[in-house]
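# Analysis of the macromolecular model
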Amino acid sequence: MATDITDITHAVEAAAVMRLLPARPRLLALGEPTHGEDTLLGLRNELFRQLVEQEGYRTIAIESDCVRGLVVDAYVTSGTGTLDEAMERGFSHGWGAFPGNRELVRWMRAYNEDRPASERLRFAGFDGPLEITGAASPRQSLTALHDHLAAHVDADLLPCTAETLDRLLGADEPWTDQAVMTDPSRSVGRSAEAGELRLLADDLVALLDTQTPHLITATSRDERDRARLYGRTAVGLLRYHSWTADTSPARMTRLLATRDGMMAGNLLALAERGPVLVHAHNSHLQRDRSTIRMWDHPLLEWWSAGALVGARLGERYAFLATALGTIRHQGVDTPPPDTLEGLLYALPEDRCLIDAPRLATALAGTRPAPRVSPYFGYAPFDPAHLPRTDGVVYVRDVPRG
């Protein structure tokens, strides 16, 4: 594929990113095509550091449990706990074990050490309390929301007591049963108790909204943000558990869409507070429909969190995808020359930033072949997404960490 694109490549740095965009976006997202590679996490850390220092971003959000992320935020903003505790208790998906994530949290804490509260960096998880193999019980988020309201509004306005919630929730084990993902009959998501909990969650969130004028005077901004987070999470988890009990062909699509819907809600809430840097898999941040093959299902398609947020924010949302050449320790060798990654592999730089819409124009009529990955944990970049991607961060080789 003999296309000269050297005039649309730039160094991977904050100033070059900003030159690709019409204005500083409220949400600036950096995707990755595979998880757990410290080369990519190190690149993220350096780019985000520059964007914080040069462009004034004040929140860093990653694809991790939004409730557990409160532990990390407390550590980086006020030194609550220790770095070890933040890494162990503040992340889902095993992300706390990665050195690149530890370095990010360590740097954020050091950055905040001598700064006033208004200038401190905030950390957020924006995923739901979900794993591929299951979901959390709604107990933590529901009871935290109820406790917040019980402390600040007339008891007669509460739709139920804490004891009623506890009785309806029952034991946590049925909620967290991992066998539910392949056996809908084991789900408690459509039990009579779960149905009543969904109504109560809706009433609690409505009460939180209708009491906003009072809560503004009675509570801090952080307390109100946490309460809204608990409300979104409780409603989302109960919806997710309901769909785990579904037996229709659309079950997995609905679960995937529900997860990204929860992500989008969290990102939009963070954006209300100020400019946000976001890091997650490309598939959660792209503007195009996401696809995946799981188990014996046909190809599943749904709208990602990035697509949902982009539809709301327009140019205030920007997405940089990461594409890569090799991950040899995972069996991903030199890309074929007729693929997009093969074209980029011929560039002299080890890493660079490419103007994606201009690259799409340069490739008009050539149609790069889609790359096929031998490793299930790596998703090649789809060249059809170039026109709706703001930039591509290209990393030539990802060595074993």
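Going by an unreviewed UniProt entry, the protein chain carries the name Erythromycin esterase family protein and comes from Streptomyces atrovirens.

Each helix and strand in the protein chain was counted, giving 16 helices and 12 strands. Over its C-alpha atoms the protein chain spans a radius of gyration of 22 Å, differing by no more than 12% from the 21 Å that the globule rule assigns to 401 residues. Structurally, the protein chain occupies a C-alpha span of about 70 × 55 × 35 Å along its principal axes. Looking at the 401 residues of the protein chain, the share that counts as buried comes to 53%.

Three- or four-residue spacings in an α-helix give side chains the same orientation, since the helix completes a turn every 3.6 residues. Where helix α7 (residues 162–169) is concerned, the buried positions are Leu165, Leu168 and Leu169. Within α7, the buried residues cover an arc of 100° as seen down the axis, which keeps them to one side. Exposed residues on α7 whose side chains face more than 90 degrees from its buried face are Glu163 and Arg167. Buried residues belonging to α7 abut α6 (139–152), α8 (173–176) and α9 (192–210).

To continue, consider the pattern of salt bridges. A full pass over the atoms with the stated rule returns 21 salt bridges. We note a salt bridge from Arg49 to Glu46, for which the minimum N-O separation is 2.6 Å. Taken together, the residues Arg49 and Glu46, both in helix α2 (residues 38–55) and 3 residues apart, mark about one turn of the helix. Accessibility expressed as a relative area gives 26% for Arg49, which makes it partly exposed.

Next up on the list: empty space enclosed by the protein. Applying the stated rule across the entire model yields 5 cavities of 30 Å³ or more. What the largest cavity holds in volume is close to 100 Å³. Every residue lining the largest cavity is listed: Glu32, His35, Gly36, Leu41, Arg44, Ile62, Glu63, Trp95, Phe98, Asn101, His279 and Ala280. A breakdown of the residues in the lining of the largest cavity according to their chemical character gives 5 nonpolar, 4 polar and 3 charged. Empty space within the second largest cavity amounts to approximately 50 Å³. The wall of the second largest cavity is formed by Leu208, Asp209, Thr212, Leu215, Arg224 and Arg228. Of all elements in the fold, only α9, α10 (212–218) and α11 (221–244) reach the threshold of two or more residues within the lining of the second largest cavity. Here the residues of the lining of the second largest cavity are counted per class, giving 2 nonpolar, 1 polar and 3 charged.

Before going further, it helps to spend a moment on the layout of surface pockets. Empty space within the largest pocket amounts to approximately 1500 Å³. Lining the largest pocket are 41 residues, with His281, Thr291, Ile292, Phe376 and Ala379 sitting closest to its centre. Those elements that provide at least two residues to the lining of the largest pocket are β5 (130–131), α12 (251–273), α13 (282–285) and β8 (289–292). Residues of the lining of the largest pocket, tallied by class, amount to 22 nonpolar, 12 polar and 7 charged. In this structure, the second largest pocket encloses a volume near 800 Å³. Looking at the second largest pocket, it is lined by 37 residues, and the ones nearest its centre are Asp225, Arg226, Ala269, Leu270 and Arg273. Elements with a contribution of two residues or more to the lining of the second largest pocket: α3 (69–78), β4 (122–127), α9, α11 and α12. Considering every element that reaches the lining of the second largest pocket, the biggest residue donor is α11, with 9 residues.

For the rest of this paragraph, the subject is the packing of aromatic side chains. Under the criterion given, the structure shown has 4 aromatic pairs. Considering the side-chain rings of Trp107 and Tyr111, the 5.4 Å spacing of their centres and the 50° angle between planes classify their relative orientation as tilted. With Trp107 and Tyr111 both in helix α5 (residues 99–112), this residue pair falls 4 residues apart, about one helical turn. As far as burial versus exposure is concerned, Trp107 and Tyr111 are alike and both buried. Across from the ring centre of Tyr111, 3.6 Å away, lies the NZ or CZ of Arg115, which sits over that ring.

With that out of the way, let us pick up the sheet that holds strand β10 (residues 317–326). The strand order across the open sheet built from 8 strands is β1-β11-β12-β10-β2-β7-β3-β4, with neighbouring strands paired in mixed fashion. The open sheet has two edge strands with one neighbour each: β1 (9–10) and β4. Summarising the sheet, strand β2 (residues 27–32) and β10 pair through 4 bridges and their orientation is parallel. By the bridge assignment, Leu27 is partnered in β10 with Tyr317. Contacts from helix α14 (residues 305–313) reach β2 and β10, with the element oriented near 145° to β10.

Attention now moves to the pairing of strand β3 (residues 59–65). Among the 7 residues in β3, 7 count as buried, and that is most of the element. Across 5 bridges, β3 lies against β4 in parallel orientation. Counted as the bridge partner of Asp65 is Asp127 from β4. As defined by bridge partners, β3 adjoins strand β7 (residues 276–281) across 4 bridges and the pair is classed as parallel. Within β7, the residue paired with Ala61 across the bridge is Val278.

Let us now look at the nonpolar core. Counting residues in each nonpolar core, the largest one holds 45 residues, and the members touching the most others are Leu28, Leu51 and Ile60. At 6 residues, the largest contribution of residues to this core is made by α2. Excluding residues that lie within four positions of it along the chain, Leu51 makes contacts with Ala14, Met18, Leu28, Gly56, Tyr57 and Leu277. Core analysis: the second largest hydrophobic core is formed by 38 residues, Val309, Leu313, Ala323 and Leu340 among them.

Criteria and cut-off values
Residues numbered from 1 in each chain as written. Predicted model: local features only at pLDDT ≥ 70, side-chain atom pairs only at ≥ 80, totals over all residues. Heavy atoms only, no water. Helix = DSSP H or I, 4+ residues; strand = E, 2+ residues; numbered from the N terminus. Rg over C-alpha atoms; globule rule 2.2 N^0.38 Å. Buried < 20%, exposed > 50% of the residue type's maximum accessible area, 1.4 Å probe, protein only. Arc of directions from axis to C-beta. Contact = heavy atoms within 4.5 Å. Salt bridge = Lys/Arg side-chain N within 4 Å of Asp/Glu carboxyl O. 1 Å grid on protein atoms, 1.4 Å probe; cavity = no way out; pocket = protein on both sides within 12 Å on 5 of 7 lines; lining within 4 Å. Points joined across faces, edges and corners; volume = space filled by probe spheres on them. Nonpolar A, V, L, I, M, F, W, Y, C, P; charged D, E, K, R; others polar. Phe/Tyr/Trp six-rings, centres within 6.5 Å; stacked < 30°, edge-to-face > 60°. Lys NZ or Arg CZ within 6 Å of the ring centre and 35° of its normal. Pairing = 2+ DSSP bridges. Axes fitted to C-alpha atoms, helices over the stretch in contact; angles between N-to-C directions. Core = buried A, V, L, I, M, F, W, Y, C linked by side-chain atoms within 4.5 Å.

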